[in-house]
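# Summary of structural features
Here is what each chain is made of, one letter per residue.
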Amino acid sequence: IFDFGNDAEKFAQRRQVLRNLVAGGGKLIDTAPAYGRAEDRLGRLVAERHRPLDVKVLAYDPFIDRAEAGKLNVQLVSLEEIFATSDVVSCHMPLTDATQRSLGRPHFAAMKPGATFINTARGLLVRENELIDVLKTRPDLHAVLDVMESEPPPPESPLFSLPNVVMTPHIAGS
């Protein structure tokens, strides 16, 4: 959801922030108690927390209009555009019949060089084998996964051995 444009210094600064967060135990955001859909709260919190970093925040959300997105200083785009243009894609979709296994090879393969995919939503949103296949062929991509198809993943899962994957034990929202 973040596009740093051609600003290499800003990109390096944000990449270091992400590394520090992951190195600090994988805690990506703090959440305050609130009412409503958790996905709505988390997506809004992520947008708000990145405002001081002066990054462009893109969002795919069929449930908010452009006026509401404008209030959040967020640009609404297609899901395909998010994956193709963002340096960091942070997933906060709800798990429904329509969204189950909706993210797969076409999305991950389209990611720009050096991009990172973060999933703190639900593991079943992702076709995990396709993510793994893309990460094997694209070592420049990174995945930070707080949720997986099965938790914990089976011991033989390639997620444990891929150098471009960081897993946390479903604690990012705590």
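Residues numbered from 1 in each chain as written. Predicted model: local features only at pLDDT ≥ 70, side-chain atom pairs only at ≥ 80, totals over all residues. Heavy atoms only, no water.

## Considering the overall build of the protein chain
The line we're drawing: Secondary structure elements follow DSSP: runs of H or I no shorter than four residues count as helices, runs of E no shorter than two count as strands, and numbering proceeds from the N terminus. The classification of residues rests on relative accessible area computed with a 1.4 Å probe and restricted to protein chains. Under 20% of the type maximum is buried, over 50% is exposed, and intermediate values are partly exposed. Between two residues, a contact is recorded if the distance between any of their heavy atoms is within 4.5 Å. Surface exposure here means Shrake-Rupley accessible area, sampled with a 1.4 Å probe, where a residue is shielded only by the protein chains that are shown.
Tallying secondary structure elements over the protein chain gives six helices and seven strands in all. Mapped from its N terminus to its C terminus, the protein chain presents α and β elements in the order β-α-α-β-α-β-α-β-α-β-α-β-β. Scored against the burial criterion, the 174 residues of the protein chain give a buried share of 45%. In the protein chain, the proportion of contacts linking residues at least 24 apart, taken out of those at least 6 apart, comes to 63%. As displayed, the protein chain offers around 9,300 Å² of accessible surface, 56% of which is attributable to carbon and sulfur atoms.

## Focus on the pairing of strand S4 (residues 88–91)
What counts is decided by this rule: Here the rule is simple: two strands pair whenever DSSP picks up at least two bridges between them.
Taking every second residue as pointing to the same face, both faces of S4 are buried, with Val-88 and Ser-90 on one and Val-89 and Cys-91 on the other. The pairing of S4 with strand S5 (residues 116–119) spans four bridges and is classified as parallel. Its bridge partner lying in S5, Val-88 is registered against Thr-116.

## Some thoughts on the side chain of Asn-164
The topology assignment puts Asn-164 in the loop between strand S6 (142–145) and strand S7 (165–167). Assessed through its relative accessible area of 5%, Asn-164 is described here as buried. Sequence-distant contacts of Asn-164, that is, excluding residues within four places in its chain, are made with Leu-135, Arg-138, Pro-139, Leu-141, His-142 and Ala-143.

## What to know about the confidence of the model for the protein chain
We apply this condition: Per-residue confidence from the predictor is given as pLDDT, running between 0 and 100.
This prediction gives the protein chain a mean pLDDT of 77; 71% of its residues lie at or above 70. Of all secondary-structure elements in the protein chain, the lowest mean pLDDT belongs to strand S1 (residues 2–3), at 44, while helix H6 (residues 128–137) reaches the highest, 98. Note on residues 17–39: pLDDT under 50 across the span, and 35 contacts to partners over four residues away in sequence or across chains.

## Section: the pattern of salt bridges
Going by this rule: The salt bridge criterion pairs a side-chain nitrogen of Lys or Arg with a carboxyl oxygen of Asp or Glu, the two atoms within 4 Å.
What the rule picks out here adds up to five salt bridges. Notably, a salt bridge pairs Arg-105 with Asp-133, separated by 3.5 Å at the nearest N-O pair. With a gap of 28 residues between them, Arg-105 in helix H5 (residues 105–109) and Asp-133 in helix H6 connect regions that are remote in the sequence. The exposure class of Asp-133 is partly exposed, given its relative accessible area of 34%. Close ionic contact of Glu-130 with Arg-127 constitutes a salt bridge, the shortest N to O distance being 3.0 Å.

## Some thoughts on the environment of Asn-129
Within the secondary structure, Asn-129 is located in helix H6. As for Asn-129 and Arg-105, which are separated by 24 residues in sequence, their C-alpha atoms are 8.8 Å apart.

## Notes on the packing of aromatic side chains
The geometry of an aromatic ring pair is captured by the separation of the ring centres together with the interplanar angle, meaning the angle of the planes. Filter applied, for reference: Ring pairs shown here join Phe, Tyr and Trp side chains whose ring centres sit within 6.5 Å, with only the six-membered ring taken for Trp; geometry is labelled stacked below 30 degrees between planes, edge-to-face above 60, and tilted in between.
Per the counting criterion, the structure on display carries three aromatic pairs. Note on Phe-108 and Phe-117: the rings are 5.0 Å apart at their centroids and 70 degrees apart in plane angle, and the pair reads as edge-to-face. This pair shows no difference in class: Phe-108 is buried, exactly as Phe-117 is. One aromatic cluster is present, built from ring pairs that chain together Phe-83, Phe-108 and Phe-117.

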